[in-house]
Amino acid sequence: MSWWNRLAHPGQFVSWTRPLVWPLAGLTALLFAIGLWFAFFNSPADYQMGDTVRIMYVHVPTAWLSQFVYATMAVSALGTLVWRHPMADVSMKAAAPLGAAFTAMALFTGSMWGRPTWGTFWEWDGRMTSTLILLFIYLGIVALWRAFDDQLRAARVVAIFTLVGAVNVPIIKFSVDWWSTLHQPASVFTAEGPKMPPSLLTPLFVMFFAFTFLFITLQLVAMHTEVRRRRVMTLERRTVRGDAA
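Residues numbered from 1 in each chain as written. Predicted model: local features only at pLDDT ≥ 70, side-chain atom pairs only at ≥ 80, totals over all residues. Heavy atoms only, no water.

(A) Here's a closer look at the pattern of salt bridges. Under the defined criterion, the tally for this structure stands at five salt bridges. Its salt-bridge partner being lysine 93, residue glutamate 226 comes within 3.3 Å of it at the nearest N-O pair. Of this pair, glutamate 226 sits in helix 8 (residues 198-244) while lysine 93 is found in helix 4 (residues 86-118), placing the two residues 133 residues apart along the sequence. Here glutamate 226 matches lysine 93 in class, with each residue buried. Here glutamate 226 falls in the buried class, since its relative accessible area comes to 8%. Linked through salt bridges whose partners overlap, the residues forming this network are Asp89, Lys93, Glu226, Arg229 and Arg230. (Salt bridge = Lys/Arg side-chain N within 4 Å of Asp/Glu carboxyl O. Helix = DSSP H or I, 4+ residues; strand = E, 2+ residues; numbered from the N terminus. Buried < 20%, exposed > 50% of the residue type's maximum accessible area, 1.4 Å probe, protein only.)

Printed below as a string of structure tokens:
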């Protein structure tokens, strides 16, 4: 059997990935410690925004993850519909609450950053509105999972909904280019290279990796929990059938 087929077995997936959880958690904690030290004690204030620029070290990584998590869910949705991979819907279900949390954090920190920078907590421009729509999509997916007792049926419905909602991700990405907006254009990943000094870029990248490894760690834990929950549900159904027989 190929590694892909072996990963399709929930027990095999859990046994392979369980030893990774604590090392990933340790790496995440280390990256956060380094990133927060850089962010608060070893990076300068911005010449225009002052110390409020430090909100960037949380806002930018969570905004990135709000889109990355949804892309992960879209790939998992394809795995569910096309390849019928048993762990794909587990991944999709585990990622949805995490994506909602990161999106909510991005919206909150963005509004906190926007008030002193733009003079307002909120503006109905393309970037902010499409990100708010993304949060509603995440919450809708979480609600859909809970609306079905049959998780296999739920997986197919959620996978279709997820793929339809994926059209919003490029809208978020390119909204600052397509429409007039208060939100600044890309300043890190650009064709000309980063547009900020290394003193700001270094802590931003450290926090970027810290939040990314946080997602990976929490995703694995959530997937393990979902596998165990489904095992319990299967045993309960077998017990009920046995009692009925």
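(B) Representation of the environment of valine 53 in the model. Positionally, valine 53 belongs in the loop between helix 2 (10-41) and helix 3 (56-81). Counting along the chain gives 60 residues from valine 53 to tryptophan 113, while the straight-line C-alpha distance between them is 7.6 Å. Setting aside residues up to four positions removed in sequence, valine 53 forms contacts with Pro44, Ala45, Asp46 and Trp113. (Contact = heavy atoms within 4.5 Å.)

(C) Local environment of the packing of aromatic side chains. With the rule as written, the count across this model stands at ten aromatic pairs. With a centroid separation of 5.2 Å and 70° between ring planes, the pair formed by tryptophan 37 and phenylalanine 38 is classed as edge-to-face. Assessed through its relative accessible area of 45%, tryptophan 37 is described here as partly exposed. Measuring from centroid to centroid gives 5.1 Å for phenylalanine 208 and phenylalanine 209, while their planes differ by 75°, and the two rings are edge-to-face. Connected via pairs of aromatic rings, a cluster forms that spans Trp64, Phe68, Phe102, Phe205, Phe208, Phe209 and Phe215. Against the face of phenylalanine 121 rests arginine 115, its NZ or CZ located 5.7 Å from the ring centre. (Phe/Tyr/Trp six-rings, centres within 6.5 Å; stacked < 30°, edge-to-face > 60°. Lys NZ or Arg CZ within 6 Å of the ring centre and 35° of its normal.)

Geometric values such as these leave the question of function open.
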